[in-house]
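# Structure assessment
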Amino acid sequence: MRSLYEELSEKLSHDPRLLKRGGPRVDLSLLLFNARDEIRELWDAADRSAAGDEGALHDLREAVEALRPIFGERTGS
């Protein structure tokens, strides 16, 4: 099953109107806004890892796990 992000992104691509109230644009915006700290942690860990910081791997794994409910594959509900 696709991730929550993929589902909302696909719905948004079918109806990308900027002025529509509610719908997938608002849902996706709220989803990413609420995960902003986790996304920042992911960025920081990835940036440190890309710079060769071997200690960043643990932080990178933790950041990925924190975002798994949004970007990871969902099971049937």
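Keep in mind that this is a model prediction, so the values were computed, not measured.

The contact between helix 3 (residues 36-50) and helix 4 (residues 56-71) brings their axes to 8 Å, and the two run at 150 degrees. Classified by the angle between their axes, helix 3 and helix 4 sit roughly antiparallel to one another. Two packed elements cross with a definite hand, and for helix 3 against helix 4 that hand is left-handed. Where helix 3 approaches helix 4, its residues Glu38, Ile39, Glu41, Leu42, Ala45, Ala46, Arg48 and Ser49 are matched on the opposing element by Ala56, Asp59, Leu60, Ala63, Val64, Ala66 and Leu67. Of the residues belonging to the contact of helix 3 with helix 4, the class tally is 10 nonpolar, one polar and four charged.

Moving on, we come to the environment of Leu32. Position of Leu32 among the secondary structure elements: in helix 2 (residues 23-34). Residue class for Leu32 comes out partly exposed when judged on its relative accessible area of 28%. Spatially, the C-alpha atom of Leu32 lies 23 Å from that of Leu57, the residues being 25 residues apart in sequence.

Mean pLDDT over the protein works out to 89, with 92% of the residues at or above the 70 mark. Across the protein, helix 3 holds the top mean pLDDT of 96, while helix 1 (residues 4-14) sits lowest at 89.

Soluble, globular proteins show a tendency: their nonpolar side chains are buried together. Counting residues in each nonpolar core, the largest one holds seven residues, listed as Leu8, Leu12, Leu28, Leu31, Ala35, Leu67 and Ile70. Breaking this core down by element, the ones donating at least two residues are helix 1, helix 2 and helix 4. Sequence-distant contacts of Ala35, that is, excluding residues within four places in its chain, are made with Leu67 and Ile70.

The rules behind each value
Residues numbered from 1 in each chain as written. Predicted model: local features only at pLDDT ≥ 70, side-chain atom pairs only at ≥ 80, totals over all residues. Heavy atoms only, no water. Axes fitted to C-alpha atoms, helices over the stretch in contact; angles between N-to-C directions. Helix = DSSP H or I, 4+ residues; strand = E, 2+ residues; numbered from the N terminus. Parallel < 35°, antiparallel > 145°, perpendicular 65-115°, else oblique. Left-handed = near helix turned anticlockwise from the far one by under 90°. Contact = heavy atoms within 4.5 Å. Nonpolar A, V, L, I, M, F, W, Y, C, P; charged D, E, K, R; others polar. Buried < 20%, exposed > 50% of the residue type's maximum accessible area, 1.4 Å probe, protein only. pLDDT = per-residue confidence, 0-100. Core = buried A, V, L, I, M, F, W, Y, C linked by side-chain atoms within 4.5 Å.

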